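# Analysis of the macromolecular model
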Amino acid sequence: MRRAGTLTAVAALAVGLAGCTGIVGPDPEVTNSRYATYTPVGTPTPSPTPSPTPTAAPAEELGPVVPFGDPGPLVSGLAAPWSIAQLADGSVLLSERDEGRIVEDVGGTAVDVARIGDVAAAGEGGLLGLAPWQGADGSWLYAYYTTASDNRVVRMPLAGTPGAHTLGAPEVVLAGLPKASNHNGGRIAFGPDGMLYVTVGDANQRDLAQSVEFLGGKILRITPQGQVPADNPFAGSPVWSLGHRNPQGIDWAADGTMWAAEFGQDTYDELNVITPGANYGWPIAEGFAGDGRFTEPVAQWATDDASPSGIAVIGDTVFMAGLGGKRLWTITFDGRSQEWFTGAFGRIRDVAPGPGNTLLFLTNNTDGRGSPRDGDDVLYRVDLAKAG
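Notes on the structure in this doc start here. Computed from a predicted structure; not experimentally measured.

A word on the side chain of Lys218. Along the chain, Lys218 falls in strand S13 (residues 218–222). For the buried residue Lys218, which engages in no salt bridge, the nearest side chain bearing the opposite charge is Glu213, 8.0 Å off. A polar contact is formed between the side chain of Lys218 and the backbone oxygen of Leu208, at a distance of 3.1 Å.

So this is what it looks like as structure tokens:
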């Protein structure tokens, strides 16, 4: 892939990470143990008045929506891309998992914005989720990634204009999250309450997904600065929900309902409505279990048909990327689902609202598990239309 620009943030990232204090990651020998717990920055704080998170124009007026027409490629030649981040000015940034690179779509070319030097890509780990944030303290890009000792979230000052964005030195927001060769979670997003939500896989410590003290197998909720909100369901803890195996997709409907997609093991993948303090059953339950101790999913699929990663809620529809299933799913809020483009583009990693009534989706055929095609990997855009 031809790249433009320079890696302007490499040195700043390395210096910034080396000098960060306030959150201390665990010793590498205990990263995947029950001792991989959260060290809060400061004290729990009340939830602030939310600042709006920029998003593309939604299709809310259409109600349920579906893809319409043929998807068109926007950027090709990407290397194991993982996350789509849309900025307030309409620009699109993408993360490349194994390279640790953040690139910008500039007229169909992937232009380097930064490379995070201490990304330790192995297995499913590497540079994963991205999330932009505009707050009272400026514009930031948040990133979730794997180091040699942990998974962590940092934020970097975001500046520049479309086609020429830059990232400054990072601040560690959350460190010491468990890592493994797989089940690293990795999706981050700001909710309508202005809080940062972080999905963390069980890091192969499956039984500890049921323990609030262990941060693997959880969805976490923290302030943009990394503190524990006072109204979290477990006092002093960033845990928002538990009993997850490997959640990799989160988004919110217009009414504030939180949705999450989750990889199952051998039986069922899930789409869940997330409520604070709820337990989603892993590893005791997978899919619909009829066990009153756990919250049931809204929908489930055989793992070969889905293996879900990113999701996007547009109008009254949840769009869900399918990796193993090599397809895009649409799910109505009552759990009815429909599949699209099965096998046409290979593995689909992430989805996001596009400009107007469109959807962006990102293929992931070059991550070592897919079968790369000419031009892979690719960011696509497809029109949306009212269902039915």
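Here we come to the nonpolar core. Formed by 20 residues in total, the largest nonpolar core has its most connected members in Tyr142, Val153 and Val198. At the level of elements, strand S6 (127–135), strand S7 (138–146), strand S10 (171–177), strand S11 (188–190), strand S12 (196–200) and S13 are the ones that each hand at least two residues to this core. Apart from residues lying up to four places away in sequence, Val153 is in contact with Tyr142, Ala143, Tyr144, Glu171, Val172, Val173, Leu174, Ile188, Leu196 and Val198. Grouped together as the second largest cluster of nonpolar side chains are 19 residues, Val113, Leu130, Leu158 and Ala175 included.

This brings us to empty space enclosed by the protein. Summed over all chains, the structure comprises two cavities of 30 Å³ or more. Taken as a whole, the largest cavity holds about 50 Å³ of empty space. Lining of the largest cavity is provided by Arg245, Glu262, Phe263, Gly264, Gln265, Tyr268, Glu270, Trp282, Ala285 and Glu286. Sorting the residues of the lining of the largest cavity by element identifies strand S16 (258–263) and strand S17 (268–274) as the ones contributing at least two each. Split by residue class, the lining of the largest cavity holds four nonpolar, two polar and four charged. As a volume, the second largest cavity reaches approximately 40 Å³. Lining the second largest cavity, in full, are Glu270, Tyr280, Gly281, Ala285, Gly287, Ala289, Asp291, Phe294, Thr295, Glu296 and Pro297.

Turning to the sheet that holds strand S20 (residues 317–322), a few remarks are in order. Taken in spatial order, the four strands line up as S19-S20-S21-S22 in an open sheet, and their pairing is antiparallel. Edge strands, defined here as strands with exactly one partner in the open sheet, are strand S19 (308–314) and strand S22 (337–340). Each adjacent strand pair in this sheet contributes to an overall mean axis angle of 25°, direction not counted.

Tallied over the full model, the rule gives eleven aromatic pairs. Ring centres of Tyr142 and Phe190 lie 5.0 Å apart, and the angle between their planes is 80°; on these two criteria the pair is classed as edge-to-face. Here Tyr142, found in strand S7, pairs with Phe190, found in strand S11; they are 48 residues apart in sequence, far enough to count as distant. Phe190 gets classed as buried once you look at its relative accessible area, which sits at 8%. Relative to Phe333, the ring of Trp259 has its centre 5.4 Å away and its plane inclined at 25°; by these criteria the two rings are stacked. Linking Trp259 in strand S16 with Phe333 in the loop between strand S21 (327–332) and S22, this pair joins segments that are 74 residues apart in sequence. A relative accessible area of 3% means that Trp259 is categorised as buried. Here Phe333 falls in the partly exposed class, since its relative accessible area comes to 32%.

Quick look at the pairing of S16 now. With six of six residues buried, S16 is to be regarded as a mostly interior element. Residues of S16 alternate between two faces, with Met258, Ala260 and Glu262 on one and Trp259, Ala261 and Phe263 on the opposite face, all of them buried. For strand S15 (residues 246–252) and S16, the ladder comprises six bridges, and the chain directions are antiparallel. Opposite Ile250, over in S16, you have Ala260 as the bridge partner. Where S15 hands over to S16, the hairpin turn is made up of five residues, of which Gly256 adopts a positive phi near 95°.

Cut-offs applied
- Residues numbered from 1 in each chain as written.
- Predicted model: local features only at pLDDT ≥ 70, side-chain atom pairs only at ≥ 80, totals over all residues.
- Heavy atoms only, no water.
- Helix = DSSP H or I, 4+ residues; strand = E, 2+ residues; numbered from the N terminus.
- Buried < 20%, exposed > 50% of the residue type's maximum accessible area, 1.4 Å probe, protein only.
- Lys, Arg positive; Asp, Glu negative; His and termini not counted.
- Salt bridge = Lys/Arg side-chain N within 4 Å of Asp/Glu carboxyl O.
- Polar contact = N/O pair within 3.5 Å; in protein donor to acceptor, adjacent residues only side chain to side chain.
- Core = buried A, V, L, I, M, F, W, Y, C linked by side-chain atoms within 4.5 Å.
- Contact = heavy atoms within 4.5 Å.
- 1 Å grid on protein atoms, 1.4 Å probe; cavity = no way out; pocket = protein on both sides within 12 Å on 5 of 7 lines; lining within 4 Å.
- Points joined across faces, edges and corners; volume = space filled by probe spheres on them.
- Nonpolar A, V, L, I, M, F, W, Y, C, P; charged D, E, K, R; others polar.
- Pairing = 2+ DSSP bridges.
- Axes fitted to C-alpha atoms, helices over the stretch in contact; angles between N-to-C directions.
- Phe/Tyr/Trp six-rings, centres within 6.5 Å; stacked < 30°, edge-to-face > 60°.

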